[in-house]
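Here is how the chains run, residue by residue.
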Amino acid sequence: MPDKKCSEPQPNDCVMPVRSANPIRARSLIRDNLEKQAGSLNLIHSRMPNIKVFSGTSHPDLAQRIVDRLGIDLGKVVTKKFSNLETCVEIGESVRGEDVYIVQSGSGEINDNLMELLIMINACKIASASRVTAVIPCFPYARQDKKDKLAGGEDKEENKKLAKKNYDWKFRVNAQSRAPISAKLVANMLSVAGADHIITMDLHASQIQGFFDIPVDNLYAEPAVLKWIKENIPEWKNSIIVSPDAGGAKRVTSIADRLNVEFALIHKERKKANEVASMVLVGDVKDKIAILVDDMADTCGTIVHAADRLVEAGATKVYAILTHGIFSGPAISRINNACFEAVVVTNTIPQDGHMRDCPKIQCIDVSMMFAEAVRRTHNGESVSYLFSNVPY
């Protein structure tokens, strides 16, 4: 029992409230409370594991730029093929309890790269990674997002050939309802492989996000495009933003609003895949700089026809700005022979070879946007800032 005089404070004394009048017991309680707080902090820290970034073989340069921005080293991984062309992946370091990010773009040999990504995801997942995020700058099979009907869209000469072969044309048209939705299949494959999160850029169709039951962050190249326009087109205030098809109207109106300029669009009709039959321009481009904006260009038939149509309508200069520059088949030769001042693409797909073959092609680096998305995701922060800003 403590002395009564000791337990009663004097008027001029500064008293620290404690749970016990016994100073030894009070110190013990304070120490216990501090240990509990430290334990809770350790628990919070354990929920945010260390970060590891691995690269597939599709775009190692982009992956290196991302880790350089983050100030970390690229994870060790060995990818090889057996003699029968099976893909083999060996993760060269421990990923147990780690927050893993795998960078693999849907370009080049798309099927091989997709399979490599699936194997890498599964390898990390069964090696006890805490979370596996697939960073897919260009989403593969994104154009196969719905069932397209080809009734009346086939080439008439092809129809005659089919008729001669006694094919039932009506049956052929009805059969289009059995076309695959391959983008949904890719989404299922990524989820089954073990992906917990997807980071991509400018999906060809935004509804692809709904194909997943896991979080999907669809970044936009728009902030980087706006920055490039203001820095590289001196007369950009006298420009008009043009969509080469009706599907990109929302994209061009957003850019035009932020630049405070007008917009136009081109309605196109296709005879068959990768071949445009006719184009109708909606809007006035006379005596203006026309800036074609689209999410991707493959064989470039559409944007080349659109550029010619814009020049016929009185445009003084024509630029093309594309997020994903696939440039397959005759694309490079078409661009070289077209009336473009420049064809600007991002590095979601490797562009070094294309830039060597075509001096009109210029590249916007978007690695800082992916790096910032990775950093914010790892730290549990919002990525909505990246939808309208370029991180510096």
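What counts and how
- Residues numbered from 1 in each chain as written.
- Predicted model: local features only at pLDDT ≥ 70, side-chain atom pairs only at ≥ 80, totals over all residues.
- Heavy atoms only, no water.
- Helix = DSSP H or I, 4+ residues; strand = E, 2+ residues; numbered from the N terminus.
- Expected span 1.5 Å × (residues − 1).
- Buried < 20%, exposed > 50% of the residue type's maximum accessible area, 1.4 Å probe, protein only.
- Core = buried A, V, L, I, M, F, W, Y, C linked by side-chain atoms within 4.5 Å.
- Axes fitted to C-alpha atoms, helices over the stretch in contact; angles between N-to-C directions.
- Parallel < 35°, antiparallel > 145°, perpendicular 65-115°, else oblique.
- Left-handed = near helix turned anticlockwise from the far one by under 90°.
- Contact = heavy atoms within 4.5 Å.
- Nonpolar A, V, L, I, M, F, W, Y, C, P; charged D, E, K, R; others polar.
- Pairing = 2+ DSSP bridges.
- Lys, Arg positive; Asp, Glu negative; His and termini not counted.
- Salt bridge = Lys/Arg side-chain N within 4 Å of Asp/Glu carboxyl O.
- Polar contact = N/O pair within 3.5 Å; in protein donor to acceptor, adjacent residues only side chain to side chain.
- 1 Å grid on protein atoms, 1.4 Å probe; cavity = no way out; pocket = protein on both sides within 12 Å on 5 of 7 lines; lining within 4 Å.
- Points joined across faces, edges and corners; volume = space filled by probe spheres on them.

As for helix α13 (residues 367-378)
Link 1 in the chain: When the terminal C-alpha atoms of α13 are compared, their 16 Å separation across 12 residues agrees well with the 16 Å that a helix rising 1.5 Å per residue should span.
Link 2 in the chain: Along α13, the residues classified as buried are S367, M368, M369, F370, A371, E372, A373, V374, R376, T377 and H378.
Link 3 in the chain: Among the residues trailing α13, G380 stands out with phi positive, at a value near 70 degrees.

Re the nonpolar core
Link 1 in the chain: Judged by nonpolar contacts, the single largest core of 43 residues is most densely connected at W228, I229, I233, I241, L259, I291 and F370.
Link 2 in the chain: With six residues, the single largest contributor to this core is α13.
Link 3 in the chain: Core analysis: the next-biggest nonpolar cluster, separate from the first, contains 31 residues, L114, L118, V186 and F212 among them.

Remarks on the packing of helix α8 (residues 222-232) against helix α9 (residues 249-259)
Link 1 in the chain: In the contact formed by α8 and α9, the axes pass within 11 Å of each other and the chain directions differ by 50 degrees. Considering the angle they form, α8 stands oblique to α9. Every pair of crossing elements has a handedness; the one defined by α8 and α9 is right-handed. Taken together, the residues of α9 that come into contact with α8 (itself represented by E222, V225, L226, I229 and K230) are S254, I255, R258 and L259.
Link 2 in the chain: Looking at the contact of α8 with α9 residue by residue, the class counts come to five nonpolar, one polar and three charged.

Overview of the sheet that holds strand β6 (residues 197-201)
Paired through their backbone hydrogen bonds, the strands of a sheet run either parallel or antiparallel.
Link 1 in the chain: Pairing in this open sheet of five strands is parallel, and the strands run β1-β4-β5-β6-β7 from one edge to the other. Edge positions in the sheet fall to β1 (51-55) and β7 (216-219), since each of these pairs with one other strand and no more. For this sheet, the mean inter-axis angle between neighbouring strands, taken without regard to orientation, is 15 degrees.
Link 2 in the chain: Both strand β4 (residues 99-103) and strand β5 (residues 131-136) contribute to a ladder of five bridges, which runs parallel. Note on β5: the bridge partner recorded for Y101 is T133.
Link 3 in the chain: Across the sheet, helix α3 (residues 60-70) touches β1 and β4, and the angle it forms with β1 is around 160 degrees.
Link 4 in the chain: With respect to the sheet, helix α4 (residues 110-126) is in contact with β1, β4 and β5, its orientation differing from that of β5 by roughly 165 degrees.

Thoughts on the side chain of E116
Link 1 in the chain: Relative to the elements of secondary structure, E116 occurs in helix α4.
Link 2 in the chain: Although E116 lies buried, it forms no salt bridge, and the closest oppositely charged side chain, K81, sits 6.0 Å away as judged by the N-O distance.
Link 3 in the chain: A polar side-chain atom of E116 sits 3.0 Å from a polar atom in the side chain of Q104.
Link 4 in the chain: For E116, the residues in contact, after removing those within four places along its chain, are G56, T57, T79, T87, V89 and Q104.

Section: unusual backbone geometry
The bulk of non-glycine residues show a negative phi, and the bulk of peptide bonds are trans.
Link 1 in the chain: Not every positive phi belongs to a glycine, and L85 is a case in point at roughly 70 degrees.
Link 2 in the chain: You can call L85 exposed: its relative accessible area is 64%.
Link 3 in the chain: Of note, N260 is a non-glycine position whose phi angle comes to about 60 degrees, a positive value.
Link 4 in the chain: With respect to the helices and strands, the residue N260 is situated in the loop between α9 and β9 (262-272).
Link 5 in the chain: Classification of N260 by relative accessible area gives exposed; the value is 71%.

A few points about empty space enclosed by the protein
Link 1 in the chain: Within the structure shown, the criterion is met by two cavities of 30 Å³ or more.
Link 2 in the chain: In this structure, the largest cavity is lined by Q104, S105, G106, I110, N113, L114, L117, I136 and P140.
Link 3 in the chain: Partitioning the lining of the largest cavity into residue classes produces five nonpolar, four polar and no charged.
Link 4 in the chain: A volume near 30 Å³ is recorded for the second largest cavity.
Link 5 in the chain: Here the residues of the lining of the second largest cavity are counted per class, giving six nonpolar, three polar and one charged.

Here we look at the packing of α3 against α13
In a packed pair of helices, the relevant descriptors are the angle between the two axes and the axis-to-axis distance.
Link 1 in the chain: Two elements in contact, α3 and α13, have axes separated by 8 Å at closest approach and are oriented at 55 degrees. The angle between α3 and α13 places the two elements in the oblique class. Along this stretch, α3 crosses α13, giving a crossing that reads as right-handed. In this structure, α3 uses L62, R65, I66, R69 and L70 to contact α13, whose residues at the interface are S367, M368, F370, A371, V374 and R375.
Link 2 in the chain: Taken together, the residues that form the contact of α3 with α13 break down as seven nonpolar, one polar and three charged.

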